[in-house]
Every structure is written in C-alpha cells, then in structure tokens.
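# Coordinate inspection notes
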Amino acid sequence: MKTFITKQSLAAYLQLIRASGKTIGFVPTMGALHQGHLSLIELARQHNDVVVCSIFVNPTQFNDPKDLEKYPRPIAADTHLLQQAKADILFNPGVKEMYDDNEQWHLNIGELEHLLEGKFRPGHYQGVTQVVYKLFNMVKPDTAFFGQKDYQQFLVISKLVELMNMPVELVMCPIKREDDGLAMSSRNIHLSADEHRHALVLSKTLNWAKANFDGSNFDVLQKEAERMINAEDGVALEYFEIADGGTLHPADAASKKVVALVAAKVGKTRLIDNVLLRS
Ligand code: AMP
C-alpha cells in the first residue's frame, strides 16, 4: 500500500493509474477504522481496479470542539488494517494540506442541511460537503463508497454530486453491526460497558419498528419508539423520525422509500443509527 500526505503527490500517482486504464474506487473516512469501514474497502475492491482510502479528521464538520479533540486517531493501527484489507492507496493529509487559513465557503445544498442531524449539528453538513468536494477533486474517483450508517450524509453527498455535476458513481453500503446489534462506530470506544448495554436500545427499537411497520402506522410507531428509548436509563434521545427516504420529511403513504432514523446521547457519546422500513 502506498501512503500519500500531499495532494500533489497523490494526484501525480493517480494520473498514472488513470492513464493505464484502471478505475478508481474511493472510501473517505475519518480513521479509527472498524469492520464497517473495512466492508466499504471490500466493496470498493470488488467494483474497481484500485482502491483509495482517505483518513482525515475534518475539523470543519465538528460543531463541538471537544468532540474533535477527543476523536480517536490510531493511525498506525489503521494503516495496518488497510494493508490487511488490501487497500492500494492511503491518503492521510494534515489540516493545512486540505484547507487554507481562514477558508470560508460552503455550498448551498438546500433544506437537507437543516433537517434531523442538521438541526442538532448546525454547520456539520457544510463541513462534510466542503471536504468531500475537495477529496473528490483530488482523487477523481470513478466510484465512491459511503455507509448507510450515515444515511443523511449519503443524501447530502448525492446532492453535492448532482449540483456540481461531478462524474462519480455513489454506492451506499449496508450497516455493519456488533454481534449484539450496536451499529459499529469509531465513537463506540468511548462507551463504558454499561453505556454500551444501554445503547442497544437504539438498534432494538429500530428492529422493533421494522417488525411492526404495516405501511401506514408512522405516528404510532414513532411515538412508541420514542417511549421505548426514553424509558432506557442513561440514554438521551435527540430524535426518532420515520422519514421519506428521499427527502427526509416525515414519511407518508406516498413515500416510496421509508427510513427510521435515530440519534441519541449515551453518556457523553452521540450515536446515530437507522433502518429501512420500505426500500
Ligand atoms: P467515518 O470514518 O465515521 O466518517 O465513516 C467513514 C465511512 O464509513 C462513512 O461512509 C460511514 O457511513 C461509513 N461507516 C461508518 N460506520 C459504518 C458501519 N457501521 N457500517 C458501514 N459503514 C459505516
């Protein structure tokens, strides 16, 4: 595996790859890699000749400075995992490589930015679109792989690609879970054993909603799901929404795709998860 820390050296190498007719699959991450990330690498390997993974903890998408500060950065272990997963290229730039001092711009991606996650993390998706736009321009991938785990992020990036006419195919990859159902996340290492146990209410409630969805009982499901999560010790619910899978507005009978999305704080750790009720 080759590692690059500058955009120039990455671009020069990728130009040779493209000139040889090979396709490039791209998996952007913030590191602290787990099986969820590695499943994206595996899918990228199946779809493309060359797999690029980026590890960059993007400061502009953190609305809480403490969250940014304590975000795990185990780069040696990550490099080892990427080698084992047979990624071809790691791009691991520093902040100065990605941003000029006081760089201030963002794309207007419309209301998606302000719903659900956007309400609880103001500015988050401005940071996400900034960094993904830059990374796509540097890597110029044929295909980019993102997790369903960050469902709204996938819609935001789809909008970015559409607005900016970026020639990249986006693939949404299934959520990887621990054996007990907890969605894998780099933030899970902050959970104590007790908190981990309490956090299981999120995936349990999503599964319950899926099992009890009859095609039109949106309100009943939502209220009962909220009750179930609120009844769990140590879990502070931020939202549980049954949303249209395309717009993220509340779902209704006309919604072709329906997704239940949840966000909650367990202790100091903020977790998100979702499940498709209709796809
Ligand atoms: P992150 O490092 O958290 O920014 O995530 C990098 C990519 O991995 C994003 O596309 C995430 O949606 C995806 N991802 C994170 N957790 C999981 C998971 N449990 N299963 C599948 N993909 C995931």
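Residue numbers restart at each chain and count upward from 1, following the sequence in its written direction. Restriction of local features to residues with pLDDT of at least 70 applies here, the model being predicted, together with a cutoff of 80 or more for giving and counting side-chain atom pairs; totals for whole chains, interfaces and linings are based on all residues. Hydrogens and water are ignored here; the side-chain numbers use all heavy atoms of the structure.

## Here we look at the sheet that holds strand 2 (residues 24-29)
Put simply, the rule reads: Think of it this way: DSSP has to see at least two bridges between two strands before they count as a pair. What counts as a helix is a DSSP run of H or I of at least four residues, what counts as a strand is a run of E of at least two, and both are numbered from the N terminus. Working convention: axes come from line fits to C-alpha atoms, limited for helices to the stretch in contact. Angles between N-to-C directions cover 0 to 180 degrees. The contact rule is simple, with two residues in contact once any of their heavy atoms fall within 4.5 Å.
Pairing within the open sheet is parallel, and its six strands lie in the order 1-4-3-2-5-6. Only two strands of the sheet have a single neighbouring strand rather than two, namely strand 1 (2-4) and strand 6 (169-173). For this sheet the average axis-to-axis angle between neighbouring strands, irrespective of direction, equals 25°. Examined bridge by bridge, strand 2 and strand 5 (residues 143-147) share two bridges and lie parallel to one another. If you follow Gly25 over to strand 5, its bridge partner there is Thr143. Contacts from helix 8 (residues 151-163) reach strand 5 and strand 6, with the element oriented near 175° to strand 6.

## Quick notes on the site of the ligand
Just so we agree on the cut-off: Nearness of a residue to a molecule or strand requires only that one of the residue's heavy atoms be within 4 Å of it. In protein, a polar contact requires one atom able to donate a hydrogen and another able to accept it; more generally it is a pair of N or O atoms within 3.5 Å, and residues adjacent in sequence count only if both atoms are side-chain atoms.
Near the ligand, the surroundings consist of 16 residues, among which His37, Gly147, Asp150, Lys176 and Met184 are the closest. Contacts to the ligand include Lys176, whose backbone N or O atom sits 2.8 Å from a nitrogen atom. Residue Met184 places a main-chain N or O atom 2.9 Å away from a nitrogen atom belonging to the ligand. Counting only elements with at least two residues in the shell around the ligand, the list comes to strand 2, helix 2 (35-47) and strand 5.

## Looking at the sheet that holds strand 8 (residues 258-266)
Strand-to-strand pairing in sheets goes through backbone hydrogen bonds, with the strands running parallel or antiparallel. The strand order 7-8-9 describes an open sheet built from three strands, whose pairing is antiparallel. Each edge of the open sheet carries a strand with a single partner, namely strand 7 (235-244) and strand 9 (269-278). Across the sheet, the mean angle separating the axes of adjacent strands is 15° when strand polarity is ignored. Along the sheet, helix 9 (residues 193-212) makes contact with strand 7, strand 8 and strand 9, crossing strand 9 at roughly 15°.

## Regarding the domain arrangement of the protein
What counts is decided by this rule: An automatic or database domain assignment supplies the residue ranges for each domain. Put simply, buried area is the surface a 1.4 Å probe can reach on two separate parts but cannot reach once they are joined, added for both. Any carboxyl oxygen of Asp or Glu that lies within 4 Å of a side-chain nitrogen of Lys or Arg is treated as forming a salt bridge with it. When residue character is reported, Ala, Val, Leu, Ile, Met, Phe, Trp, Tyr, Cys and Pro are called nonpolar, Asp, Glu, Lys and Arg charged, and the others, Gly included, polar.
Partitioning the protein into structural domains gives domain 1 (2-173) and domain 2 (186-274). A separation of 26 Å is found between the C-alpha centroids of domain 1 and domain 2. Across the boundary between the two partners, domain 1 contributes 22 residues, which contact 20 residues of domain 2. Here domain 1 packs against domain 2, burying approximately 1,900 Å² in sum over the two surfaces, 54% of which is carbon and sulfur. Inspection of the domain 1/domain 2 interface yields two salt bridges. The partner of Arg187 in a salt bridge is Asp67, and the shortest N-O contact between them spans 2.8 Å. Those elements that provide at least two residues to the side of domain 1 that touches domain 2 are helix 3 (65-70), helix 6 (117-120) and helix 8. Top contributing element to the side of domain 1 that touches domain 2 by residue count: helix 8, with three residues. Grouping the constituent residues of the side of domain 1 that touches domain 2 by class yields ten nonpolar, five polar and seven charged.

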